[in-house]
Amino acid sequence: MWKEIQDHETNHSPDEGIIEARWDKTAAQFRRWMDVDDYPVKLMQRVKLKPEWSLLDIGCGAGAVSIPAAKKAGRVTALDISGEMLKILKEDAQKEHLSNITCMHRSWTDIAVGEDIEPHDVVVASRSVGREPDIQSALEKIDSAASRYVYITVWGGGEHGHCKGVPAALGRHYRDTQDHVYFYNILSQMGIHANVEHLECHSRLIYNDLDEAMESCKISLGPLNEKEEKTARDYLDQTLIRIENGMLEMPDSRPVWSLIWWKK
(Lines give C-alpha, C1' and ligand atoms only; values in the text may rest on other atoms or scores of the structure.)
Protein backbone atom coordinates (compact mmCIF):
# COMPACT_ATOMS: atom_id res chain seq x y z
CA MET A 1 0.00 0.00 0.00
CA TRP A 2 2.86 2.39 0.86
CA LYS A 3 4.43 1.89 -2.56
CA GLU A 4 1.09 2.61 -4.22
CA ILE A 5 0.84 5.89 -2.32
CA GLN A 6 4.35 6.90 -3.41
CA ASP A 7 3.55 6.02 -7.03
CA HIS A 8 0.76 8.60 -6.93
CA GLU A 9 3.04 11.32 -5.58
CA THR A 10 3.69 12.79 -9.01
CA ASN A 11 6.32 15.37 -8.10
CA HIS A 12 8.76 13.29 -6.09
CA SER A 13 11.30 12.63 -8.80
CA PRO A 14 13.91 9.88 -8.32
CA ASP A 15 16.38 11.95 -10.36
CA GLU A 16 19.01 13.14 -7.88
CA GLY A 17 20.02 16.04 -10.12
CA ILE A 18 16.47 17.40 -10.01
CA ILE A 19 16.26 16.85 -6.26
CA GLU A 20 19.56 18.66 -5.64
CA ALA A 21 18.58 21.61 -7.84
CA ARG A 22 15.23 21.90 -6.06
CA TRP A 23 16.80 22.05 -2.61
CA ASP A 24 19.62 24.35 -3.77
CA LYS A 25 16.99 26.79 -5.02
CA THR A 26 15.06 26.82 -1.74
CA ALA A 27 18.01 26.65 0.69
CA ALA A 28 17.90 30.29 1.78
CA GLN A 29 14.14 30.16 2.21
CA PHE A 30 14.36 26.94 4.19
CA ARG A 31 17.00 28.44 6.49
CA ARG A 32 14.70 31.43 7.10
CA TRP A 33 11.82 29.14 8.02
CA MET A 34 13.91 27.21 10.55
CA ASP A 35 14.62 30.45 12.43
CA VAL A 36 10.92 30.84 13.24
CA ASP A 37 9.90 27.16 13.51
CA ASP A 38 9.69 25.43 16.88
CA TYR A 39 10.13 21.97 15.33
CA PRO A 40 13.97 21.82 15.61
CA VAL A 41 13.87 22.77 19.30
CA LYS A 42 11.17 20.20 20.10
CA LEU A 43 13.10 17.50 18.26
CA MET A 44 16.48 18.24 19.85
CA GLN A 45 14.94 18.22 23.33
CA ARG A 46 14.31 14.52 22.78
CA VAL A 47 17.61 13.45 21.19
CA LYS A 48 19.93 11.84 23.73
CA LEU A 49 23.57 12.94 23.36
CA LYS A 50 26.78 12.84 25.37
CA PRO A 51 29.98 14.86 24.88
CA GLU A 52 31.93 11.79 23.76
CA TRP A 53 29.31 10.58 21.27
CA SER A 54 29.07 11.05 17.51
CA LEU A 55 25.92 11.94 15.56
CA LEU A 56 25.03 11.40 11.90
CA ASP A 57 22.48 13.85 10.51
CA ILE A 58 20.93 12.34 7.35
CA GLY A 59 19.46 15.01 5.07
CA CYS A 60 20.82 17.72 7.33
CA GLY A 61 19.54 20.67 5.31
CA ALA A 62 20.83 23.99 6.61
CA GLY A 63 21.77 22.53 9.99
CA ALA A 64 18.65 22.68 12.16
CA VAL A 65 19.85 19.48 13.86
CA SER A 66 23.60 19.53 13.17
CA ILE A 67 24.29 22.95 14.72
CA PRO A 68 22.66 22.30 18.13
CA ALA A 69 23.92 18.69 18.13
CA ALA A 70 27.51 19.89 17.67
CA LYS A 71 27.17 21.84 20.92
CA LYS A 72 26.41 18.62 22.82
CA ALA A 73 28.22 15.82 20.95
CA GLY A 74 31.88 15.19 20.30
CA ARG A 75 31.48 15.19 16.53
CA VAL A 76 28.75 15.50 13.93
CA THR A 77 28.58 14.28 10.34
CA ALA A 78 26.16 16.41 8.33
CA LEU A 79 25.10 14.72 5.10
CA ASP A 80 22.97 16.32 2.40
CA ILE A 81 22.46 16.23 -1.36
CA SER A 82 22.27 20.04 -1.55
CA GLY A 83 25.50 21.99 -1.77
CA GLU A 84 23.67 25.25 -1.02
CA MET A 85 22.22 23.82 2.19
CA LEU A 86 25.68 22.71 3.31
CA LYS A 87 27.11 26.12 2.44
CA ILE A 88 24.64 27.78 4.82
CA LEU A 89 25.39 25.16 7.48
CA LYS A 90 29.14 25.80 7.25
CA GLU A 91 28.62 29.57 7.50
CA ASP A 92 26.44 29.19 10.60
CA ALA A 93 28.88 26.72 12.17
CA GLN A 94 31.69 29.22 11.68
CA LYS A 95 29.61 31.98 13.31
CA GLU A 96 29.00 29.66 16.27
CA HIS A 97 32.74 28.75 16.42
CA LEU A 98 31.93 25.06 15.93
CA SER A 99 34.74 22.99 14.46
CA ASN A 100 33.39 19.48 15.08
CA ILE A 101 31.03 19.22 12.09
CA THR A 102 32.09 17.27 9.00
CA CYS A 103 29.95 17.99 5.94
CA MET A 104 29.34 15.37 3.26
CA HIS A 105 27.87 16.54 -0.04
CA ARG A 106 26.35 13.18 -0.93
CA SER A 107 23.02 11.47 -1.38
CA TRP A 108 22.22 9.02 1.43
CA THR A 109 21.11 6.46 -1.19
CA ASP A 110 24.68 6.43 -2.56
CA ILE A 111 26.31 5.91 0.84
CA ALA A 112 27.57 2.47 1.84
CA VAL A 113 27.64 2.10 5.64
CA GLY A 114 31.01 0.70 6.71
CA GLU A 115 32.70 1.95 3.55
CA ASP A 116 31.76 5.58 2.87
CA ILE A 117 30.79 6.24 6.46
CA GLU A 118 31.32 4.43 9.75
CA PRO A 119 28.48 3.83 12.23
CA HIS A 120 27.79 6.73 14.63
CA ASP A 121 26.49 6.58 18.18
CA VAL A 122 23.32 8.42 17.20
CA VAL A 123 21.61 8.73 13.83
CA VAL A 124 18.98 11.37 13.10
CA ALA A 125 16.89 11.38 9.91
CA SER A 126 14.83 14.51 10.36
CA ARG A 127 12.00 14.66 7.79
CA SER A 128 14.31 13.08 5.21
CA VAL A 129 12.98 9.56 4.63
CA GLY A 130 9.25 10.16 4.19
CA ARG A 131 9.28 9.53 0.43
CA GLU A 132 11.27 6.30 0.37
CA PRO A 133 9.46 3.71 -1.79
CA ASP A 134 11.00 0.80 0.13
CA ILE A 135 10.63 1.61 3.82
CA GLN A 136 12.17 -1.59 5.15
CA SER A 137 15.40 -1.22 3.16
CA ALA A 138 15.64 2.42 4.20
CA LEU A 139 15.13 1.58 7.87
CA GLU A 140 17.58 -1.31 7.79
CA LYS A 141 20.27 0.94 6.37
CA ILE A 142 19.62 3.69 8.91
CA ASP A 143 19.63 1.17 11.75
CA SER A 144 22.97 -0.24 10.56
CA ALA A 145 24.50 3.26 10.77
CA ALA A 146 23.72 3.64 14.49
CA SER A 147 25.36 1.99 17.49
CA ARG A 148 23.21 3.53 20.26
CA TYR A 149 20.09 5.44 19.17
CA VAL A 150 18.07 6.18 16.03
CA TYR A 151 15.66 9.12 15.68
CA ILE A 152 13.43 9.53 12.63
CA THR A 153 10.67 12.06 12.01
CA VAL A 154 7.93 11.56 9.43
CA TRP A 155 4.61 13.19 8.61
CA GLY A 156 2.12 12.69 11.42
CA GLY A 157 -0.87 14.65 10.16
CA GLY A 158 -2.16 18.16 10.54
CA GLU A 159 -1.49 20.52 7.69
CA HIS A 160 0.65 23.25 6.23
CA GLY A 161 -1.98 25.82 5.21
CA HIS A 162 -1.38 26.06 1.48
CA CYS A 163 -0.38 22.38 1.17
CA LYS A 164 -4.07 21.60 1.57
CA GLY A 165 -5.64 24.81 0.29
CA VAL A 166 -3.94 25.07 -3.10
CA PRO A 167 -4.67 21.47 -4.19
CA ALA A 168 -8.29 21.98 -3.12
CA ALA A 169 -8.49 25.16 -5.22
CA LEU A 170 -7.14 23.16 -8.17
CA GLY A 171 -9.65 20.36 -7.59
CA ARG A 172 -6.93 17.92 -6.60
CA HIS A 173 -6.99 15.32 -3.84
CA TYR A 174 -4.97 16.21 -0.77
CA ARG A 175 -3.16 13.27 0.83
CA ASP A 176 -2.88 13.59 4.59
CA THR A 177 -1.83 10.09 5.58
CA GLN A 178 -0.25 9.53 8.95
CA ASP A 179 3.03 8.10 7.67
CA HIS A 180 4.28 7.02 11.08
CA VAL A 181 1.81 4.11 11.08
CA TYR A 182 3.58 2.49 8.12
CA PHE A 183 7.05 3.05 9.59
CA TYR A 184 6.07 1.72 13.02
CA ASN A 185 4.51 -1.43 11.60
CA ILE A 186 7.52 -2.22 9.41
CA LEU A 187 9.89 -1.67 12.33
CA SER A 188 7.78 -4.07 14.38
CA GLN A 189 8.07 -6.67 11.62
CA MET A 190 11.84 -6.13 11.74
CA GLY A 191 11.83 -6.91 15.44
CA ILE A 192 12.39 -3.30 16.49
CA HIS A 193 9.96 -2.04 19.12
CA ALA A 194 10.13 1.67 18.50
CA ASN A 195 8.78 4.57 20.53
CA VAL A 196 6.46 7.07 18.86
CA GLU A 197 5.81 10.62 19.96
CA HIS A 198 3.88 13.29 18.07
CA LEU A 199 5.41 16.77 17.91
CA GLU A 200 2.71 19.39 17.48
CA CYS A 201 4.52 22.32 15.90
CA HIS A 202 3.87 25.93 15.07
CA SER A 203 5.59 26.51 11.75
CA ARG A 204 5.76 29.97 10.20
CA LEU A 205 5.95 29.76 6.41
CA ILE A 206 7.25 33.15 5.31
CA TYR A 207 7.88 34.34 1.75
CA ASN A 208 9.57 37.38 0.24
CA ASP A 209 6.79 37.75 -2.28
CA LEU A 210 4.03 35.92 -4.18
CA ASP A 211 6.50 34.53 -6.73
CA GLU A 212 8.49 32.81 -3.99
CA ALA A 213 5.29 31.36 -2.50
CA MET A 214 4.35 29.98 -5.91
CA GLU A 215 7.75 28.35 -6.35
CA SER A 216 7.38 26.73 -2.96
CA CYS A 217 3.99 25.30 -3.95
CA LYS A 218 5.38 23.87 -7.16
CA ILE A 219 7.80 21.71 -5.17
CA SER A 220 4.87 19.60 -4.00
CA LEU A 221 2.44 20.24 -6.85
CA GLY A 222 4.74 19.84 -9.82
CA PRO A 223 4.43 21.79 -13.09
CA LEU A 224 1.20 23.77 -13.53
CA ASN A 225 -0.48 24.85 -16.74
CA GLU A 226 -1.39 28.50 -17.24
CA LYS A 227 -4.90 28.16 -15.84
CA GLU A 228 -3.76 26.16 -12.81
CA GLU A 229 -0.99 28.62 -12.07
CA LYS A 230 -3.44 31.53 -12.11
CA THR A 231 -5.81 29.65 -9.78
CA ALA A 232 -3.01 28.82 -7.36
CA ARG A 233 -1.62 32.36 -7.44
CA ASP A 234 -5.08 33.85 -6.81
CA TYR A 235 -5.57 31.52 -3.85
CA LEU A 236 -2.22 32.51 -2.32
CA ASP A 237 -2.86 36.20 -2.99
CA GLN A 238 -6.13 35.98 -1.06
CA THR A 239 -4.77 33.81 1.74
CA LEU A 240 -1.26 35.02 2.58
CA ILE A 241 -0.97 37.74 5.21
CA ARG A 242 1.46 40.63 4.84
CA ILE A 243 3.43 40.98 8.06
CA GLU A 244 5.28 43.91 9.60
CA ASN A 245 8.48 43.53 7.56
CA GLY A 246 6.58 43.45 4.27
CA MET A 247 6.93 39.70 3.78
CA LEU A 248 4.04 37.27 3.31
CA GLU A 249 3.07 34.60 5.84
CA MET A 250 0.77 31.59 5.59
CA PRO A 251 -1.63 31.70 8.57
CA ASP A 252 -2.42 28.79 10.89
CA SER A 253 0.29 26.37 9.84
CA ARG A 254 0.36 23.73 12.59
CA PRO A 255 1.76 20.46 11.26
CA VAL A 256 2.28 17.35 13.36
CA TRP A 257 5.56 15.47 12.94
CA SER A 258 5.89 11.98 14.35
CA LEU A 259 9.14 11.17 16.11
CA ILE A 260 10.02 7.48 15.90
CA TRP A 261 13.02 6.41 17.94
CA TRP A 262 14.64 3.31 19.35
CA LYS A 263 17.63 2.24 21.41
CA LYS A 264 20.05 -0.31 19.96
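Here the structure is a predicted model, which means the values were calculated and not measured. (Residues numbered from 1 in each chain as written. Predicted model: local features only at pLDDT ≥ 70, side-chain atom pairs only at ≥ 80, totals over all residues. Heavy atoms only, no water.)

Participant: Can you walk me through the nonpolar core in this structure?
Facilitator: One broad trend across soluble globular proteins is that nonpolar side chains are buried collectively. The biggest cluster of nonpolar side chains holds 29 residues, and the ones touching the most others in it are Leu 43, Val 47, Leu 49, Leu 55, Ile 101, Val 122 and Val 124. Listed by contribution, the elements that provide at least two residues to this core are α3 (39–44), α4 (66–70), β2 (75–80), α5 (83–95), β4 (120–126), β5 (146–159) and β10 (254–263). Look past the residues within four positions of Val 124 in its chain and what remains in contact with it is Leu 43, Val 47, Leu 55, Leu 56, Asp 57, Ile 58, Val 65 and Tyr 151. Counting 26 residues, the second-largest nonpolar core is a separate cluster that includes Ile 58, Leu 139, Ile 142 and Ala 194. (Core = buried A, V, L, I, M, F, W, Y, C linked by side-chain atoms within 4.5 Å. Buried < 20%, exposed > 50% of the residue type's maximum accessible area, 1.4 Å probe, protein only. Helix = DSSP H or I, 4+ residues; strand = E, 2+ residues; numbered from the N terminus. Contact = heavy atoms within 4.5 Å.)

Participant: Any chance you could explain the packing of aromatic side chains here in plain terms?
Facilitator: How two aromatic rings sit relative to each other is given by the distance of their centres and the angle of their planes. Considering all chains together, one arrives at seven aromatic pairs under this definition. The interplanar angle of 35 degrees and the centroid separation of 6.1 Å between the aromatic rings of Trp 53 and Tyr 149 together place this pair among those described as tilted. Residue Trp 53 is located in the loop between α3 and β1 (54–58), and its partner Tyr 149 is located in strand β5; the two are separated by 96 residues in the primary sequence. Comparing Trp 53 with Tyr 149, the two get one shared label, buried. The ring of Tyr 39 has Arg 127 sitting right over it, with the charged end atom 3.9 Å from the ring centre. Directly above the aromatic system of Trp 108 lies the positively charged group of Lys 141, at a separation of 4.6 Å from the ring centroid. (Phe/Tyr/Trp six-rings, centres within 6.5 Å; stacked < 30°, edge-to-face > 60°. Lys NZ or Arg CZ within 6 Å of the ring centre and 35° of its normal.)

Participant: Sorry, what's going on with the state of the cysteines here?
Facilitator: As used in these notes, a disulfide is a covalent bond between sulfur atoms, one from each of two cysteines. Following the criterion strictly, the structure yields zero disulfides and no others. The thiol sulfur of Cys 103 is not disulfide-bonded, and the nearest other cysteine sulfur, from Cys 60, lies at 6.2 Å. Overall, the relative accessible area of 23% leaves Cys 103 in the partly exposed class. (Disulfide = S-S within 2.5 Å.)

Participant: I would appreciate a short explanation of the pattern of salt bridges in the present structure.
Facilitator: Oppositely charged side chains can pair when the atoms bearing their charge come close. Tallied over the full model, the rule gives 13 salt bridges. Put simply, Lys 25 and Glu 215 hold a salt bridge, and the shortest N to O gap is 3.2 Å. Placement of Lys 25 in helix α2 (residues 16–35) and of Glu 215 in helix α9 (residues 210–221) is noted, with a sequence separation of 190 residues between them. Between Arg 148 and Asp 121 there is a salt bridge; the shortest N-O distance is 2.8 Å. Highlighted residues: Arg 148 in strand β5 and Asp 121 in strand β4, separated in sequence by 27 residues. Classification of Arg 148 by relative accessible area gives partly exposed; the value is 37%. Note on Asp 121: relative accessible area 13%, which makes it buried. Taken together, the shared-partner salt bridges in this structure form one network comprising Arg 31, Asp 35 and Asp 92. (Salt bridge = Lys/Arg side-chain N within 4 Å of Asp/Glu carboxyl O.)

Participant: Would you explain the sheet that holds strand β9 (residues 248–250) in this entry?
Facilitator: With respect to topology, three strands assemble into an open sheet ordered β7-β9-β8, the strand pairing being antiparallel. Of all strands in the sheet, those with a lone pairing partner are β7 (205–207) and β8 (241–242), marking the two edges. Two elements, β8 and β9, share two bridges in a ladder whose sense is antiparallel. Opposite Ile 241, over in β9, you have Glu 249 as the bridge partner. (Pairing = 2+ DSSP bridges.)

Participant: Teacher, can you tell me more about the packing of helix α6 (residues 135–144) against helix α8 (residues 180–189) here?
Facilitator: The description of two packed helices rests on the angle between their axes and on the distance between the axes. Viewed as axis vectors pointing N to C, α6 and α8 meet at an angle of 65 degrees, and their least axial separation amounts to 10 Å. Taken together, the axis directions place α6 and α8 in an arrangement best described as roughly perpendicular. For the element pair α6 and α8, the recorded crossing hand is right-handed. Along its contact with α6, which presents Ile 135, Gln 136 and Leu 139, the element α8 presents Tyr 182, Phe 183, Ile 186 and Leu 187. Grouping the constituent residues of the contact of α6 with α8 by class yields six nonpolar, one polar and no charged. (Axes fitted to C-alpha atoms, helices over the stretch in contact; angles between N-to-C directions. Parallel < 35°, antiparallel > 145°, perpendicular 65-115°, else oblique. Left-handed = near helix turned anticlockwise from the far one by under 90°. Nonpolar A, V, L, I, M, F, W, Y, C, P; charged D, E, K, R; others polar.)

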